[in-house]
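# Breakdown of the fold
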Amino acid sequence: MKKIVTFLLLIFSLNIVAQSKSEIREKNTKFAVTFTQDFKLAVKKDDAGNEPFTLDLTGKMEWRTYSTKIGYFSLIPNFEYAELKGGDYLSYGVWVGFTFDEWLEIPTFGLLNKRFLDLDIMPYVGFSKIMRKWADTYNNSYELTGTALVLGVEVTLKIHDRIGLVVDFKLVDRQDLKVKYDSFDELMSPNVGVGIKYEF
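What you are looking at is a predicted structure, and each value in this text was computed from that prediction instead of being measured. Residue positions are given per chain, counted from 1 along the sequence in the order it is written. The predicted origin of the model limits local features to residues at a pLDDT of at least 70 and limits the giving and counting of side-chain atom pairs to 80 or more, whereas totals for whole chains, interfaces and linings rest on all residues. In computing side-chain values, all of the structure's heavy atoms are included and hydrogens and water are not.

### A word on the pairing of strand β3 (residues 71-84)
Convention followed: Strand pairing is defined by DSSP finding a minimum of two bridges between the two strands. Numbering of helices and strands runs from the N terminus; a helix is a DSSP stretch of H or I covering at least four residues, while a strand is a stretch of E covering at least two.
Strand direction decides the pairing type here: strand β2 (residues 56-67) and β3, joined by nine bridges, are antiparallel. Each bridged residue has a counterpart across the sheet, and for Tyr66 the counterpart in β3 is Phe73. From the end of β2 to the start of β3, which pair antiparallel, there are three residues.

### Examining the pairing of strand β6 (residues 143-158)
Pairing of β6 with strand β7 (residues 163-172), which is carried by nine bridges, proceeds in the antiparallel orientation. Pairing of Leu151 across the sheet is with Leu171, part of β7. What sits between β6 and β7 in their antiparallel hairpin is a turn of four residues.

### Observations regarding the nonpolar core
We count it as follows: For the purposes of this section, nonpolar cores are sets of buried Ala, Val, Leu, Ile, Met, Phe, Trp, Tyr and Cys residues that join through side-chain atoms within 4.5 Å. Exposure categories follow from relative accessible area, calculated using a 1.4 Å probe and restricted to protein chains: below 20% of the type maximum is buried, above 50% is exposed, and the middle band is partly exposed.
Membership of the largest hydrophobic core is limited to ten residues, which are Ile76, Ala82, Tyr89, Trp95, Met122, Tyr124, Ile130, Ala148, Val150 and Val172. Looking at this core, the elements with two or more residues in it are β3, β4 (87-107), β5 (116-134) and β6. In terms of residue count, β5 provides more of this core than any other element does, three residues in total.

### A look at unusual backbone geometry
The phi dihedral of Phe53 is positive, around 70 degrees, even though this residue is not glycine. Position of Phe53 among the secondary structure elements: in the loop between α2 (39-43) and β2.

### Quick look at a nonpolar patch on the surface
Inclusion rule: Within the patch definition used here, like charges are joined within 9 Å and nonpolar side chains (Val, Leu, Ile, Met, Phe, Trp, Tyr) within 5 Å, considering only residues with over 30% relative accessible area and no salt bridge. Accessible areas in this description were obtained via Shrake-Rupley with a 1.4 Å probe; residue shielding takes into account the shown protein chains only. Whenever Lys or Arg places a side-chain nitrogen within 4 Å of a carboxyl oxygen from Asp or Glu, that contact is recorded as a salt bridge.
A grouping of Phe39, Val43, Val167, Phe169, Val192 and Val194 is seen on the molecular surface, where their side chains present a nonpolar patch of about 470 Å² in accessible area. For the nonpolar patch, the elements supplying multiple residues, two or more each, are α2, β7 and β8 (189-199). Position of Phe39 among the secondary structure elements: in helix α2.

### Section: the packing of aromatic side chains
Keep this limit in mind: In this analysis, rings of Phe, Tyr and Trp, with Trp reduced to its six-membered ring, are considered paired at centre separations within 6.5 Å, and the interplanar angle assigns stacked below 30 degrees, edge-to-face beyond 60, and tilted for intermediate values.
Tallied over the full model, the rule gives five aromatic pairs. Centroid distance Phe73 to Phe98: 4.7 Å. Interplanar angle 65 degrees. Geometry classified as edge-to-face. Of this pair, Phe73 sits in strand β3 while Phe98 sits in strand β4; the two residues are 25 residues apart in sequence, bridging distant segments of the chain. With a relative accessible area of 14%, Phe98 lands in the buried category. With 4.9 Å between their ring centres and 5 degrees between their planes, Trp95 and Tyr124 make a pair best called stacked.

### With respect to the pattern of salt bridges
Summed over all chains, the structure comprises twelve salt bridges. With its nearest N and O atoms 3.6 Å apart, the salt bridge here joins Glu199 to Lys158. Pair noted here: Glu199 is in strand β8 and Lys158 is in strand β6, with a separation of 41 residues, a long-range link. Residues participating in the shared-partner salt-bridge network are Lys60, Glu62, Arg64, Glu154, Lys158, Asp168, Lys197 and Glu199.

### Things to note about the side chain of Ser74
Let me state the cut-off plainly: We call two residues in contact when some of their heavy atoms are within 4.5 Å.
The residue Ser74 is located in strand β3 in this model. Other than its neighbours up to four places away in sequence, Ser74 contacts Glu62, Trp63, Arg64, Thr65, Trp95, Val96 and Gly97.

Set out below in structure tokens:
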């Protein structure tokens, strides 16, 4: 699986050089930044003892490399930082996504200047390095715990030409918990983030 994703990343990178400006639809931008907060950690206490308003921030830099008739491919460097009860969490990686651009439009019924709002849907896949600073150890530095497979779907509701509201659902292979706890046998851990996207 790692070899396949690496091959796709290489192909999409080469497409940046090969494509001309005429291949990019005029309404598409080339770069976007997204920030999301874990929804569950923002509103309620979880089973691990994390209190409401626990910081769990994900940042994604979306580089739109190749456009098609129905959407565009993106390279997505990313990071996630969380201040968890068990110790700080840090991850970083690169994912590959495909956005179905204007796949669905929502009517505004005259409430806004636009007749329709665009709803963009982006499935993505990739790998992230997970690092932890465990709260129950004397080591005050981050420890690399493994490489995690990440599968996700990001839904963006465009409220402005360059601004969108984001709901991001992803499944993460939590290598950190598998290393720390022998009893942890969950294949992929779900995460739902909400936030905002800005397109340049």
